[in-house]
Amino acid sequence: MTTRKTLDDWLHWQESLHTAAIDMGLARVERVRDAMGLKPACPVIMVAGTNGKGSTCAMLSSMLRAAGYKVGAYTSPHILRYNERIAIDLKPASDERIISAFEAIDAARGDTTLTYFEFGTLAAVHCFAAEKVDAIILEVGLGGRLDAVNIFEPDVSVVVSVDLDHQAILGDNREDIGFEKAGIYRAGKPAICVDPEPPLRLLEHAAAIGADLRLYGRDFGFTRMDNQWSFRHGDHARHALPIPALRGGYQMVNACGALAALEALKDTLPVGIGAVKQGLVEVEWPGRFQVLPGRPAVVLDVGHNPHAVKAMAAALKQLPYAEKRYAVFSMLADKDMDAVIELARGEFDHWLVAGLDMPRGQSGESIAARLAAAGIDSVAAYPAVADAWAAALSQAGDNDRIVVFGSFHTVAEVEAARRHPV
């Protein structure tokens, strides 16, 4: 009999079950899928991309829910609670629902070991089947071709963006990374690419397998007019749409990807213009250029690669003037910190940095040294992100701005400190 009683018990056990935290390949998880008989009975939308895939999933969930559908969405990573990864009708699944899925997986897997992410992927689809959802949205965790999510058959696949991240696994150039992400495309199925400059290898793969490729700028796009916009897809258009509630100009492009996916499923999951508008106005996605209410102004952004931080810097320029600009910053050691610093340096007057206590973490002193080497003078290192956050709050005035960025973990530690202040 298992001694794993709580969700935390199960998660701690999963972290050590398989020999590697990341093990690219589908054979093991496919065996367990088949043993469980897991096959979604409703339309599946699969979303990949270097950045923007979570926001795209959030907009899809919001619009489908506004249309009256029961929606299951699997995203990662979480910020505060694991349950955030498995959402049913925009709400995190309960501990009991997730544990029930974990028990079913454990009973079916035999001697097959699974990674933490593989367990979560199977659990999500098991939960969605148990809840009899009308639509499933699956966010790819890493790449696409060999990601565990790809064991399921999508009715429409979306690649939001292609840029450099996880180079040690996916390749050190956009062509190789684009090919990995194109692995979620299927023969004869709608294959959407929202990146304005799609890599040639992505295009070639889509053509080779006979996917129904739909490209941003060629097959669909948008026109913005002051405080509203229009979406076009072939001869069809949706006019007078509200600007998405998610901040940042790049969210318009993400919204295009979401609407292109809905257009591809209009015969099986029709979504009226009223639901589209409601979904765009009500969508929430914490930690993605999230501007908190009150003073000083506080922005939470999980951006952790050059592509994301470039977008963050552009979005910061659209905010009201701040007298002093503080960065609460930490990054994992395997990220391109030098490029991130170069992109963000002009947006901050003071940097408050700290380490992340995890296998890929690095010390605050190491981060401070990298900033100093880049010629940035006002830098202070702290033992933990919560300490850097507390220092920023103590220094910032009402007319200043604090931006927390560099990693999901950085934002998570600040959110935990905000909710449980010492």
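Note that the structure is a prediction, hence the values are computed from the model and not measured. (Residues numbered from 1 in each chain as written. Predicted model: local features only at pLDDT ≥ 70, side-chain atom pairs only at ≥ 80, totals over all residues. Heavy atoms only, no water.)

**Student:** Got a minute to help me understand the overall build of the protein in this structure?
**Tutor:** Looking only at helices and strands, one finds 15 helices and 17 strands in the protein. Against the globule reference of 22 Å for 422 residues, the protein gives a C-alpha radius of gyration of 21 Å, in line with a compact fold. When the backbone C-alpha atoms are referred to their principal axes, the protein occupies close to 60 × 55 × 40 Å. Burial analysis of the protein (422 residues in total) assigns 54% to the buried set. Counted over contacts in the protein with a minimum sequence separation of 6, partners at least 24 positions apart contribute 72%. Total accessible area on the protein is roughly 17800 Å²; 51% of this is exposed by carbon and sulfur atoms. Taken as two groups, the 42 positive and 53 negative side-chain charges of the protein have centres that lie 4 Å from each other. (Helix = DSSP H or I, 4+ residues; strand = E, 2+ residues; numbered from the N terminus. Rg over C-alpha atoms; globule rule 2.2 N^0.38 Å. Buried < 20%, exposed > 50% of the residue type's maximum accessible area, 1.4 Å probe, protein only. Contact = heavy atoms within 4.5 Å. Areas by Shrake-Rupley, 256 points an atom, 1.4 Å probe, with all protein chains shown as cover. Lys, Arg positive; Asp, Glu negative; His and termini not counted. Charge placed at Lys NZ, Arg CZ, Asp CG, Glu CD.)

**Student:** Even after reading the chapter, I still don't get unusual backbone geometry, so can you show me in this structure?
**Tutor:** For residues that are not glycine, phi is negative in most cases, and the peptide bond is trans in most cases. Cis geometry is found at the peptide bond from Ser76 to Pro77, where omega equals -10°. We note that Asp89 has phi near 55°; this positive angle belongs to a residue other than glycine. Here Asp89 is to be found in the loop between strand 3 (86-88) and strand 4 (91-92). The backbone of Lys132 shows a phi angle near 55°, a positive value even though the residue is not glycine. Among the secondary structure elements, Lys132 is positioned in the loop between helix 5 (116-131) and strand 5 (135-139). The exposed category is assigned to Lys132, whose relative accessible area is 66%.

**Student:** Could you clarify how one ought to interpret the pairing of strand 9 (residues 220-225) in this entry?
**Tutor:** Successive side chains on a regular strand alternate, one facing one side of the sheet and the next facing the other. Two strands pair when backbone bridges link them, and strand 9 and strand 10 (residues 228-233) are joined in this way by six bridges, in the antiparallel orientation. Of the residues in strand 10, the one forming a bridge with Phe222 is Phe231. Between the end of strand 9 and the start of strand 10, which pair antiparallel, lie two residues, with Asp226 showing a positive phi angle near 50°. (Pairing = 2+ DSSP bridges.)

**Student:** Got a minute to help me understand helix 11 (residues 306-316) in this structure?
**Tutor:** Because an α-helix packs 3.6 residues into every turn, residues spaced three or four apart end up facing the same way. Of all the positions in helix 11, only Pro306, Ala308, Val309, Met312, Ala313, Ala315 and Leu316 are classed as buried. Contacts from the buried residues of helix 11 go to strand 13 (297-300), helix 12 (337-344) and strand 17 (401-405).

**Student:** What should I look at first to understand the nonpolar core in this one?
**Tutor:** As a rule of thumb, soluble globular proteins bury nonpolar side chains together. If you look at the biggest cluster of nonpolar residues, it comprises 54 residues, and the most contacted ones within it are Ile86, Phe102, Ile105, Leu122, Phe128, Leu138 and Tyr185. With eight residues, helix 5 is the single largest residue contributor to this core. Setting aside its immediate chain neighbours within four residues, Leu138 contacts Val44, Ile45, Met46, Val47, Tyr74, Val125, Phe128, Val149 and Phe152. Residues Val156, Leu262, Leu269 and Trp285 belong to the second largest nonpolar core, which totals 39 residues. (Core = buried A, V, L, I, M, F, W, Y, C linked by side-chain atoms within 4.5 Å.)

**Student:** Can you walk me through the packing of helix 14 (residues 385-395) against helix 15 (residues 408-419) in this structure?
**Tutor:** Relative orientation and spacing of two packed helices are given, respectively, by the angle between their axes and the distance between those axes. In the contact formed by helix 14 and helix 15, the axes pass within 9 Å of each other and the chain directions differ by 65°. Viewed along their axes, helix 14 and helix 15 form a crossing whose handedness is right-handed. The segment helix 14 lies against helix 15, with Val385, Ala386 and Trp389 engaging Thr410, Glu413, Val414, Ala417 and Arg418. Its residues placed into classes, the contact of helix 14 with helix 15 shows five nonpolar, one polar and two charged. (Axes fitted to C-alpha atoms, helices over the stretch in contact; angles between N-to-C directions. Left-handed = near helix turned anticlockwise from the far one by under 90°. Nonpolar A, V, L, I, M, F, W, Y, C, P; charged D, E, K, R; others polar.)

**Student:** Any chance you could explain the UniProt feature "domain: Mur ligase C-terminal" (unreviewed entry) in the protein here in plain terms?
**Tutor:** The feature "domain: Mur ligase C-terminal" (unreviewed entry), as given by UniProt, occupies residues 287-408 in the numbering adopted here. The distance separating the terminal C-alpha atoms of residues 287-408 is 8 Å; by composition the span is 34% helix and 21% strand. (UniProt positions renumbered as here; feature names shortened; annotations may be inferred.)

**Student:** Looking at this structure, I do not really get the pattern of salt bridges. What am I missing?
**Tutor:** Oppositely charged side chains are able to pair whenever their charged atoms sit close together. Counting across every chain of the model gives 21 salt bridges. Taking the shortest distance from any N to any O, the salt bridge between Arg65 and Asp89 comes out at 3.4 Å. With a gap of 24 residues between them, Arg65 in helix 3 (residues 53-66) and Asp89 in the loop between strand 3 and strand 4 connect regions that are remote in the sequence. Given a relative accessible area of 32%, Arg65 falls into the partly exposed group. Measuring nitrogen to oxygen at the nearest pair gives 3.0 Å for the salt bridge that ties Arg145 to Glu180. (Salt bridge = Lys/Arg side-chain N within 4 Å of Asp/Glu carboxyl O.)

**Student:** Help me understand the sheet that holds strand 8 (residues 212-215), please; the structure alone is not making it clear to me.
**Tutor:** Pairing between the strands of a sheet comes from backbone hydrogen bonds, and it takes one of two forms, parallel or antiparallel. Taken in spatial order, the eight strands make up an open sheet running 4-3-2-5-1-6-7-8, and their pairing is mixed. The open sheet has two free edges, formed respectively by strand 4 and strand 8, since each of these has just one partner strand. Bridge count for strand 1 (residues 44-48) against strand 6 (residues 156-159) is four bridges, and the pairing is parallel. Paired with Ile45 across the two strands is Val156, which belongs to strand 6. Strands strand 1, strand 2 (71-74) and strand 5 of the sheet are contacted by helix 3, whose axis makes an angle of about 170° with strand 5.

**Student:** Explanation requested: the environment of Met46 in the structure shown.
**Tutor:** Turning to its location among the elements, Met46 is positioned in strand 1. On the basis of relative accessibility, which here comes to 0%, the residue Met46 falls in the buried class. C-alpha of Met46 to C-alpha of Val159: the two residues are 113 residues apart in sequence and 8.6 Å apart in space.

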